[in-house]
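Listed below, chain by chain, are the residues.
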Amino acid sequence: MRIRSVPVLEVLQNRNFQFLWAARWIHEISRRMELIVLGYLILELTGSAFQVGLISVFLNGPRPPLSLVAGMLADRLDRWRILVGMHTVYLLIAACILALLAVGSIQPWHVFLAVLLQGTAKVLDDPTRRASLFDLAGQDRIAHAMSLETITNNGGKILGPMVGGIIVQFYGFTGAFIVLVVLDLIAAFLIFKMRLPDRSATIVRDTAFLQGIRSGIGHSFSDKFVLGVLTISLVMNAMVLPLQYFIPVIATDVLKVGPALGGLLGSADGIGAFIGAIIIGARRRYTFHGRYFVIGALIVGVGVVAVAWSPWFVVSFMLLLGAGVGQSGFSTMQSTILMLSSPAEMRGRIMGSQGLVNGLGHLIGGVEIGAIAQAFTISLAIGINAGVGILFMLPVILLTPLVKRPIELYRRPEAANSAP
C-alpha cells in the first residue's frame with residue numbers, strides 16, 4: 001500500500017493544511033508545557049491545591065459568556081486574520097510572563113491574569129481553527145482531519161508536560177518561559193504563512209448577529225446527535241477531564257515525585273491518545289461515529305476513577321495511558337459529529353457551542369475539585385467526581401441515538417421535504 005493512500009495522510013497533501021497542522025503541533029506543545037509549568041509555579045508561590053485549580057477556572061472562565069459570540073464571529077469574519085491575531089496574543093502573553101520572571105516580580109495574580117487573557121483568546125481561536133479544518137479538508141475527510149487534530153493535541157500532551165517538568169526541575173521557570181516564547185513565535189509565523197479557501201459560510205454575514213446566535217442554539221437543541229455530544233462533553237469536562245490541571249498536586253502529594261516525573265505523568269494520557277488517534281486515522285470510512293465517542297468517554301472515566309486511588313507512579317502512568325486511548329475516540333468524534341450534523345454556515349457557531357460546554361465544565365470542575373481537594377484529599381476529589389460523571393453519562397447514552405444509529409449528515413429541511 002502506498003503511503004499517500006493512507007486516508008489520514010491524504011489530507012496532509014494540502015500545503016495550507018500542512019501549515020495549520022504544523023502550527024497546531026507547536027502551539028499545543030507550548031500550551032501543554034505552559035499548563036504544567038504554571039501549575040508548579042502556583043504551587044510554589046502559594047502551596048495551595050485550590051489555587052492550582054484556579055488555573056482551570058481562569059483559563060476556561062471566558063468560554064461560557066463568550067463562546068457563542070466567538071462562534072458567530074468565526075462564521076462572519078476572515079478566519080485567517082482571527083488565527084493570526086490570536087497567535088500574536090499568545091506570544092505577547094508568554095513574553096510578559098517571561099519579563100516578570102526575569103526581574104523577579106512574578107505574583108500569583110500575574111499568572112491568573114495571563115491565564116484569563118489566554119483563555120479569552122482561545123475562545124475565539126478554537127471554533128475558528130476547527131471550522132478552518134473543515135474548509136481545508138472537506139466533508140469526506142473531516143474525520144481524518146479531526147484525527148490529525150487529536151494527534152497534535154496529544155502529541156502536545158506527551159511532549160509539553162515532559163519537557164516542561166524537566167526544564168522547571170533543572171533550569172527553573174525563567175528557562176521554561178524562554179522556550180515557550182520561542183515556540184509561540186514559530187507557531188505565529190506558520191499561521192501567517194497559511195491561506196484559507198473562499199468559504200460558502202460568508203453568506204452568514206447577511207444574518208443579524210443575535211439571530212445567528214439564536215439559530216445556533218436552536219440547532220444544538222433540535223438535533224439529537226448534537227445535543228447528545230454536547231451533554232456528554234459537559235459531563236466529561238466538569239467531572240473527568242479536570243484531572244489534567246491537578247497533575248502537579250497528584251505527583252507531589254500522592255505519588256511523592258518531583259517535577260520531572262510529574263511532567264512524565266502528565267504526558268501519559270497524551271501517549272495513549274496519540275496511539276489511538278493514529279489507529280482512528282488509518283481507517284478509511286466511519287459509520288457509527290457515536291460509538292467511538294461514547295466508548296472513548298467511558299474508558300476515560302473508568303481510567304480516571306482508578307488513577308485517583310493509585311499510590312504507585314507506574315500504575316498511575318499506565319492507567320492514564322489507557323485512558324488516553326479512550327480519549328482519542330472521544331476527542332476525534334466530538335468535533336466530527338458536531339460538524340457533520342450542522343450546515344456549512346453554522347459550523348463556527350456549533351464549535352462555539354462546543355467551546356461553551358467545554359469551558360463551563362472546566363470552570364465548574366476546577367472550582368469544585370480544587371475545593372474538595374483542599375478540604376479533604378485530591379484522591380477523593382478526583383475519584384468521586386469521575387465516578388459520578390460516569391453515572392451521569394449513562395442516561396444520555398440510552399436516550400440519544402449516538403450508539404444506536406449511524407450519524408445523520410445534515411440536510412436542509414426543504415431538501416428533505418422535496419426528496420422522493
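Residues numbered from 1 in each chain as written. Predicted model: local features only at pLDDT ≥ 70, side-chain atom pairs only at ≥ 80, totals over all residues. Heavy atoms only, no water.

### Points about the overall build of the protein chain
Then, in step 1: From N to C terminus, the protein chain includes 16 helices and zero strands.
Then, in step 2: Looking at the protein chain as a whole, 59% of its 420 residues are labelled buried.
Then, in step 3: In the protein chain, once contacts between residues fewer than 6 apart in sequence are set aside, the share between residues at least 24 apart is 88%.
Then, in step 4: On the protein chain, roughly 16,600 Å² of surface is accessible, and the fraction owed to carbon and sulfur atoms is 68%. (Helix = DSSP H or I, 4+ residues; strand = E, 2+ residues; numbered from the N terminus. Buried < 20%, exposed > 50% of the residue type's maximum accessible area, 1.4 Å probe, protein only. Contact = heavy atoms within 4.5 Å. Areas by Shrake-Rupley, 256 points an atom, 1.4 Å probe, with all protein chains shown as cover.)

### A short note on unusual backbone geometry
Then, in step 1: Despite not being glycine, K256 has its phi angle at roughly 60°, a positive value.
Then, in step 2: Secondary-structure assignment places K256 in the loop between helix 10 (247-254) and helix 11 (259-282).

### Some points on the environment of D253
Then, in step 1: Residue position: D253 is located in helix 10.
Then, in step 2: Note: C-alpha distance between D253 and P311 (58 residues apart in sequence) is 9.9 Å.

### Concerning the packing of helix 9 (residues 224-239) against helix 13 (residues 313-340)
Then, in step 1: Look at helix 9 against helix 13: their axes get within 9 Å of each other, and the N-to-C directions meet at 145°. Our pair here, helix 9 against helix 13, has a crossing hand that is left-handed. For the pair helix 9 and helix 13, the contacting residues are F225, V226, V229, L230, I232, S233 and M236 in the first and F330, Q334, I337 and L338 in the second.
Then, in step 2: For the contact of helix 9 with helix 13, the residue count by class is nine nonpolar, two polar and no charged. (Axes fitted to C-alpha atoms, helices over the stretch in contact; angles between N-to-C directions. Left-handed = near helix turned anticlockwise from the far one by under 90°. Nonpolar A, V, L, I, M, F, W, Y, C, P; charged D, E, K, R; others polar.)

### Here's the deal with helix 2 (residues 15-46)
Then, in step 1: Between its first and last C-alpha atoms helix 2 spans 46 Å; for 32 residues at 1.5 Å apiece the expected length is 46 Å, and the two agree.
Then, in step 2: Helix 2 sits mainly inside the fold: 24 of its 32 residues count as buried.
Then, in step 3: For helix 2, the N-terminal cap is N14; the gap from its side-chain oxygen to the backbone nitrogen of N16 is 2.9 Å.
Then, in step 4: Following helix 2 by one or two positions, G47 adopts a phi angle in the positive range, close to 65°. (Expected span 1.5 Å × (residues − 1). Polar contact = N/O pair within 3.5 Å; in protein donor to acceptor, adjacent residues only side chain to side chain.)

### Here's the deal with the side chain of Q327
Then, in step 1: Tracing the chain through its elements places Q327 in helix 13.
Then, in step 2: Q327 gets classed as buried once you look at its relative accessible area, which sits at 9%.
Then, in step 3: When sequence neighbours within four positions are dropped, the list of residues in contact with Q327 reads K157, L241, D269, G296 and V300.

### Let's talk about the nonpolar core
Then, in step 1: Grouped together as the largest cluster of nonpolar side chains are 114 residues, with contacts concentrated most on F17, I232, M236 and F293.
Then, in step 2: Among residues more than four places away in sequence, those in contact with F293 are V229, I232, S233, G329, F330, M333, Q334, I337 and L402.
Then, in step 3: Membership of the second largest hydrophobic core comes to seven residues, among which are A70, Y90, A121 and V123. (Core = buried A, V, L, I, M, F, W, Y, C linked by side-chain atoms within 4.5 Å.)

### A few points about empty space enclosed by the protein
In this approach a probe as big as a water molecule rolls over the atoms, and the regions it shows empty are the leftover space.
Then, in step 1: Applying the stated criterion across every chain yields a total of four cavities of 30 Å³ or more.
Then, in step 2: Each pocket or cavity is described by its volume, and for the largest cavity that value is around 420 Å³.
Then, in step 3: When residues of the lining of the largest cavity are traced back to their parent elements, those giving at least two are helix 2, helix 3 (49-60), helix 6 (108-137), helix 7 (142-193), helix 13 and helix 14 (347-375).
Then, in step 4: The element best represented in the lining of the largest cavity is helix 7, accounting for six residues.
Then, in step 5: Residues that form the lining of the largest cavity fall into these classes: five nonpolar, 14 polar and ten charged.
Then, in step 6: Quantified by volume, the second largest cavity comes out at close to 300 Å³.
Then, in step 7: Surrounding the second largest cavity, 22 residues form its lining, Q244, Y245, I247, G266 and D269 being those nearest its centre.
Then, in step 8: Of all the secondary structure elements, the ones that give two or more residues to the lining of the second largest cavity are helix 2, helix 7, helix 10, helix 11, helix 12 (289-308) and helix 13. (1 Å grid on protein atoms, 1.4 Å probe; cavity = no way out; pocket = protein on both sides within 12 Å on 5 of 7 lines; lining within 4 Å. Points joined across faces, edges and corners; volume = space filled by probe spheres on them.)

### Side note on the pattern of salt bridges
Then, in step 1: Counted by the stated rule, this structure contains six salt bridges.
Then, in step 2: For E28, the salt bridge identified is with R32, shortest N-O distance 2.9 Å. Separated by four residues within a single helix, E28 and R32 lie in helix 2, roughly one turn from each other.
Then, in step 3: Measuring nitrogen to oxygen at the nearest pair gives 3.0 Å for the salt bridge that ties D126 to R129. (Salt bridge = Lys/Arg side-chain N within 4 Å of Asp/Glu carboxyl O.)

### Considering the packing of aromatic side chains
Then, in step 1: Overall, the coordinates contain six aromatic pairs when judged by the stated rule.
Then, in step 2: Feature note: the residues W21, W25 and F274 constitute an aromatic cluster, connected by ring pairs. (Phe/Tyr/Trp six-rings, centres within 6.5 Å; stacked < 30°, edge-to-face > 60°.)

### Focus: helix 3
Then, in step 1: The terminal C-alpha atoms of helix 3 lie 18 Å apart, and with twelve residues this matches the ideal 16 Å at 1.5 Å per residue to within 8%.
Then, in step 2: Counting buried residues along helix 3, nine of its twelve residues qualify, which places the element largely inside the surrounding structure.
Then, in step 3: Residues of helix 3 that are buried include every one of A49, V52, G53, L54, I55, S56, V57, L59 and N60, and no others.
Then, in step 4: With a side-chain oxygen positioned 3.3 Å from the backbone nitrogen of F50, the residue opening helix 3 is S48.

### Remarks on a nonpolar patch on the surface
Then, in step 1: On the surface, a cluster of nonpolar side chains totalling about 390 Å² of accessible area is made up of W109, L113, L116 and L117.
Then, in step 2: The topology assignment puts L116 in helix 6. (Patch = residues over 30% accessible without salt bridge, like charges linked within 9 Å, V, L, I, M, F, W, Y side chains within 5 Å.)

### Observations concerning the confidence of the model for the protein chain
Then, in step 1: Looking at the protein chain, the pLDDT average stands at 82 and 87% of residues meet or exceed 70.
Then, in step 2: Ranking the elements of the protein chain by mean pLDDT puts helix 16 (residues 413-418) last with 44 and helix 5 (residues 79-102) first with 94.
Then, in step 3: The low-confidence segment residues 412-420, where pLDDT is below 50, has four contacts with residues more than four positions distant or belonging to other chains. (pLDDT = per-residue confidence, 0-100.)

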